[in-house]
Amino acid sequence: MNHDSSYKLLFSHARMIEDLLKGFVHEKWVAQLDFSSLEKVNGSYVSDNLRDREDDVVWRVKFRDQWLYVYLLLEFQSTVDAWMALRMLTYVGLLYQDLVRTKQLTVSGRLPPVLPIVLYNGERAWTASQEIAELIEPVPEGLGHYRPQMRYLLLDEGRIGPNELEGVQNLVAALFSLENSRTPEDVRLVVVSLINWLKAPEQASLRRAFTVWLGRVLLPGKVPDIPIDEFNDLQEVQSMLAERVKTWTEEWKRQGWQDGRREGRREGRQEAEQTMLKRQLIKRFGPLPDWAEHRLSQAGTDQLELWIDRILDAPTLEAVFDA
């Protein structure tokens, strides 16, 4: 099981969507949502019209006397997608098309509101624009009225501070704390909290989803050289961690140190290539416009190497990036 499918399983539970909105959408209108009305929406139309979006989750919840749709896109790629705002605009457009086709409009015959959320779990900080208008070239006065506008809410797990994650009974905060944990003891303490929070019989499915994610995704990722037993319940996870906390702590630290060294070398190489390419571009084409600076800052190593190869023959700056 990978991160995408395990997160989709977790966020297929209404409690997780409720805690996500209550804990991480800091807007007054959230208090007006009727969370008892949460209802999962079939997202198959996205796959049919665009491409397979197995890692997307769509819910709707009553807001006053109408539905609010929550489009949750789960992003686990290692590189930041500079065009995420465009992707979200497309996906929300497909959702709206389906709502029109199935006649799921408001009482006044309009489209319902949609909250687009990107939940990002990559190692690098998210740097892409969250507003579609920022991806479009500036236009003369007056023409800007026709430029599309839509913004998505970004939740960058690795950059959410510990103060926001601690001290509250919030399952999504617990999930993020587990992702950002630095020792087996950190994991064990959160698991103890989950055991206490998910005692009710009706929460058995969600408790099982956390158990599967811990055993098949999180712990194997933290200690990849150690085989992980199959767990049947969170209590088994807690007991295992209590038994192995000392031996696993050393392995965890060693693995983290090795990963840090590899990541440091990779980022150092990428930064050096960005600097070299920028210097060459300025020397050949003059000062760089904002869009070129943005493209450079978002590019990974493979993309930078491609542009470095192009610079010798490209007749224009645009040709370097878009040949």
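Let us look at the structure shown here.

Rules behind the numbers
Here, residues in each chain are numbered from 1, in the same order as that chain's written sequence. For a predicted model such as this one, the threshold for reporting local features is a pLDDT of at least 70, and the threshold for listing and counting side-chain atom pairs is 80 or more; totals across whole chains, interfaces and linings nevertheless cover every residue. Based on all heavy atoms of the structure, the side-chain values leave hydrogens and waters out of the count. Each Phe, Tyr or Trp ring, with Trp reduced to its six-membered ring, pairs with another whose centre is within 6.5 Å; inter-plane angles below 30 degrees give stacked pairs, above 60 give edge-to-face pairs, and intermediate values give tilted ones. Secondary structure elements are defined from DSSP: runs of H or I of at least 4 residues count as helices, runs of E of at least 2 residues count as strands, and each element is numbered from the N terminus. Throughout, exposure labels follow a simple rule: accessible area from a 1.4 Å probe, protein chains only, divided by the maximum for the residue type, with under 20% read as buried, over 50% as exposed, and the rest as partly exposed. Throughout, a residue-residue contact means that at least one pair of heavy atoms, one from each residue, lies within 4.5 Å. A strand pair is defined by DSSP finding two or more bridges across the two strands. For every element, the axis is a line fit to its C-alpha atoms; helices are fit only across the contacting stretch, and the angle between N-to-C directions ranges from 0 to 180 degrees. By definition in this entry, angles of less than 35 degrees are roughly parallel, angles greater than 145 are roughly antiparallel, angles of 65 to 115 are roughly perpendicular, and the rest are oblique. Rotating anticlockwise by less than a right angle from the far helix to the near helix defines a left-handed crossing, while the corresponding clockwise rotation defines a right-handed one. Ten residue types, Ala, Val, Leu, Ile, Met, Phe, Trp, Tyr, Cys and Pro, are classed as nonpolar, four, Asp, Glu, Lys and Arg, as charged, and the remainder, Gly among them, as polar. Directions are taken from the helix axis to each C-beta atom, and the arc is the one they span. The rule for a salt bridge is simple: a side-chain nitrogen of Lys or Arg has to be within 4 Å of a carboxyl oxygen of Asp or Glu. Nonpolar core, defined: a set of buried Ala, Val, Leu, Ile, Met, Phe, Trp, Tyr and Cys residues in which side-chain atoms within 4.5 Å join the residues together. Each patch is built from residues that are more than 30% exposed by relative accessible area and take part in no salt bridge. Like charges join if they lie within 9 Å; nonpolar side chains (Val, Leu, Ile, Met, Phe, Trp, Tyr) join within 5 Å. For the accessible areas, the method is Shrake-Rupley and the probe is 1.4 Å, while residue cover comes only from the protein chains on display.

### Section: the packing of aromatic side chains
If you walk through the whole model with that rule in mind, you get 8 aromatic pairs. Here Y7 and W213 contribute two aromatic rings whose centre-to-centre distance is 6.2 Å and whose plane-to-plane angle is 70°, an arrangement assigned as edge-to-face. Here Y7 is found in helix α1 (residues 3-10), whereas its partner W213 is found in helix α8 (residues 204-222), with 206 residues between them in sequence. Considered together, Y7 and W213 belong to a single accessibility category, that of buried residues.

### Considering the side chain of T106
With respect to the element layout, T106 can be found in the loop between α4 (84-101) and β4 (114-120). Ignoring sequence-local partners within four residues, the contact set of T106 consists of Q66, L111 and P112.

### Thoughts on the sheet that holds β4
Reading across from one edge, β1-β2-β3-β4-β5 is the order of the 5 strands in this open sheet, with mixed pairing throughout. Across the chains shown, the open sheet's two edge strands, defined by having one partner strand only, are β1 (33-40) and β5 (153-156). Strand-to-strand twist across the sheet, computed as the mean angle between neighbouring axes with direction ignored, equals 25°. Alignment of strand β2 (residues 56-63) against strand β3 (residues 66-75), held across 8 bridges, turns out to be antiparallel. Looking at β3, one finds that F63 is bridged to Q66.

### So, the environment of A319
Examined against the element boundaries, A319 turns out to sit in helix α12 (residues 317-322). When neighbours within four sequence positions are excluded, A319 is seen to be in contact with R310 and A314.

### A word on the packing of α1 against α8
Packing of α1 against α8 leaves a shortest axis separation of 9 Å and a crossing angle of 165°. By the angle class used here, α1 and α8 are roughly antiparallel. Handedness of the crossing formed by α1 with α8: left-handed. Contact residues: H3, S6, Y7, L9 and L10 in α1; L206, A209, F210, W213 and V217 in α8. Each residue belonging to the contact of α1 with α8 can be placed in one class, and the counts come to 8 nonpolar, 2 polar and no charged.

### Quick notes on helix α11 (residues 301-310)
Turning to α11, its buried residues number three or more, namely T301, L304, W307 and I308. Buried residues of α11, seen end-on, are gathered within an arc of 125° and therefore sit on one face of the element. Structural note: α11 exposes D302 and D309 on the side pointing more than 90 degrees away from its buried face.

### Points about the pattern of salt bridges
Overall, the coordinates contain 11 salt bridges when judged by the stated rule. For D19, the salt bridge identified is with R15, shortest N-O distance 3.3 Å. Highlighted residues: D19 and R15, both in helix α2 (residues 14-24), separated by 4 residues, approximately one helical turn. Exposure remark for D19: the relative accessible area of 5% places this residue in the buried category.

### Observations regarding the nonpolar core
Residues L10, F11, L21, L194, F210 and W213 are the most contacted members of the largest nonpolar core, which totals 57 residues. Ranked by the residues each element gives to this core, the list is headed by α8, at 8 residues. The residues contacting L10, other than those within four sequence positions of it, are M16, L175, L206, A209, F210 and W213. In this structure, V41, V58, Y120 and W126 belong to the second largest nonpolar core, which totals 23 residues.

### Here we look at unusual backbone geometry
Of note in this structure, R64 is not a glycine but carries a positive phi near 60°. Mapped onto the secondary structure, R64 falls in the loop between β2 and β3. The class for R64 is exposed, based on a relative accessible area of 60%. Phi angles above zero are rare outside glycine, and K103 is one such case at about 60°. With respect to the secondary-structure elements, K103 resides in the loop between α4 and β4.

### A word on a nonpolar patch on the surface
Together, V100, L105 and L111 line one region of the surface with nonpolar side chains, adding up to about 230 Å² of accessible area. Mapped onto the elements of the fold, V100 is located in helix α4.

### So, α1
Here α1 has its buried residues at S6, Y7 and L10. End-on, the buried residues of α1 take up no more than an arc of 95°, which puts them together on one face. On its buried face, α1 is in contact with α2, β3, β4, α6 (171-179) and α8.

### Section: the packing of α6 against α8
For the pair α6 and α8, the least separation of the axes is 11 Å and the interaxial angle reads 15°. What the angle tells us is that α6 and α8 run roughly parallel. With respect to the hand of their crossing, α6 and α8 are arranged in right-handed fashion. Taking contact as the criterion, the partners of L171, L175, L178 and E179 in α6 are, on α8, L206, F210, W213, L214, L218 and K222. Class assignment of the residues belonging to the contact of α6 with α8 gives a composition of 8 nonpolar, no polar and 2 charged.

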